[in-house]
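What follows is the residue order along each chain.
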Amino acid sequence: FRIALRFYITCNKETSDYVTNAYKNGIFHKIIEMIDLRDRISQSYVFYSLGIDSLIQDFLHDANSMKQVREFLTGDKYRTSLPYTFNDLEGLCATFKDNRDLDVFDDWSPIDQKITKDEIRLSFELETFWIKLRLSIVQCLKDLVSMETTTTRDSAVVSVKKVRKLLEEAEKLEGIDYLRRKKCPLIPIQSPPPCQMELFLREKHGVLFQQTVDIVLKVLDTPG
């Protein structure tokens, strides 16, 4: 994850430097192209997916006790593991761009399987939703372990309700229904590997997770 993330972070920094140099050297006709390239890279959904995957990987590796969970989510490790910040998750996800070139394989030969525009749209919408859900779950955990210090009980309740709402929305997604009827990934292997959240939610792990969310919400809603 780190190597892939470094590509996006480096490109964002270097294209910003190129824009500055273009201004200094009077090469104004290239500035709009450079800014467009920087925006497409920095707003790529793959960058945000890699970011949350990297955070989850570090979290599972480092947090082996409740104390370590609290230290990870409330300390510097959380900020260094997630290469971006967000205040408005809905607004953030609305800016995502799909930069995949689905017309060729990795070796640039034409693909045999025709991918429809609807499949591309559904695939992108699903990947965006999984990013939103994973970020919401992590933010929910962070709020829960911070209740003794910075997070209020009401904020924790809001975070848990947001996760539960997203879990309910997942069952109604057009892409989920299409994926289950087709019984295979929306997009073949030449694209970035799809998130496996659909499989997780479909199995018993997903049922257990949803029940856990409901239990936590009941506990938080109980006075005292």
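Residues numbered from 1 in each chain as written. Predicted model: local features only at pLDDT ≥ 70, side-chain atom pairs only at ≥ 80, totals over all residues. Heavy atoms only, no water.

(A) Looking closely at helix H2 (residues 31-42). Look at H2: 16 Å from first C-alpha to last across 12 residues, which is about the 16 Å you get at 1.5 Å a residue. Residues Ile31, Ile41 and Ser42 constitute the buried set of H2. Along the axis of H2, the buried positions cluster into a sector of 95°, meaning they face one direction only. Looking at the buried residues of H2, the elements they touch are helix H1 (2-25) and helix H3 (45-62). (Helix = DSSP H or I, 4+ residues; strand = E, 2+ residues; numbered from the N terminus. Expected span 1.5 Å × (residues − 1). Buried < 20%, exposed > 50% of the residue type's maximum accessible area, 1.4 Å probe, protein only. Arc of directions from axis to C-beta. Contact = heavy atoms within 4.5 Å.)

(B) Focus on the packing of aromatic side chains. Scanning the model with the defined rule gives 11 aromatic pairs in all. Geometrically, the ring pair formed by tyrosine 8 and phenylalanine 47 is tilted, given 5.7 Å between the ring centres and 35° between the ring planes. With tyrosine 8 in helix H1 and phenylalanine 47 in helix H3, the pair connects residues that are 39 residues apart, well separated along the chain. Neither residue differs from the other here; tyrosine 8 and phenylalanine 47 are each classed as buried. (Phe/Tyr/Trp six-rings, centres within 6.5 Å; stacked < 30°, edge-to-face > 60°.)

(C) Structural view of the side chain of aspartate 58. Take aspartate 58: it is sitting in helix H3. Judged by its relative accessible area of 15%, aspartate 58 falls in the buried class.

(D) Spotlight on the nonpolar core. In terms of nonpolar packing, the biggest core is built from 29 residues, with Leu73, Phe96 and Leu135 touching the most fellow members. When contributions to this core are tallied by element, the ones reaching two or more residues are H1, H3, helix H4 (66-74), helix H6 (89-94) and helix H7 (117-145). Among the elements that line this core, the one with the most residues is H3, at eight residues. For leucine 135, the contacting residues outside a window of four places in its chain are Ile52, Leu82, Tyr84, Phe86, Leu89 and Leu92. Formed by 20 residues, the second largest nonpolar core is a distinct cluster that contains Val160, Leu166, Val213 and Leu217. (Core = buried A, V, L, I, M, F, W, Y, C linked by side-chain atoms within 4.5 Å.)

Structural measurements only, silent on function.
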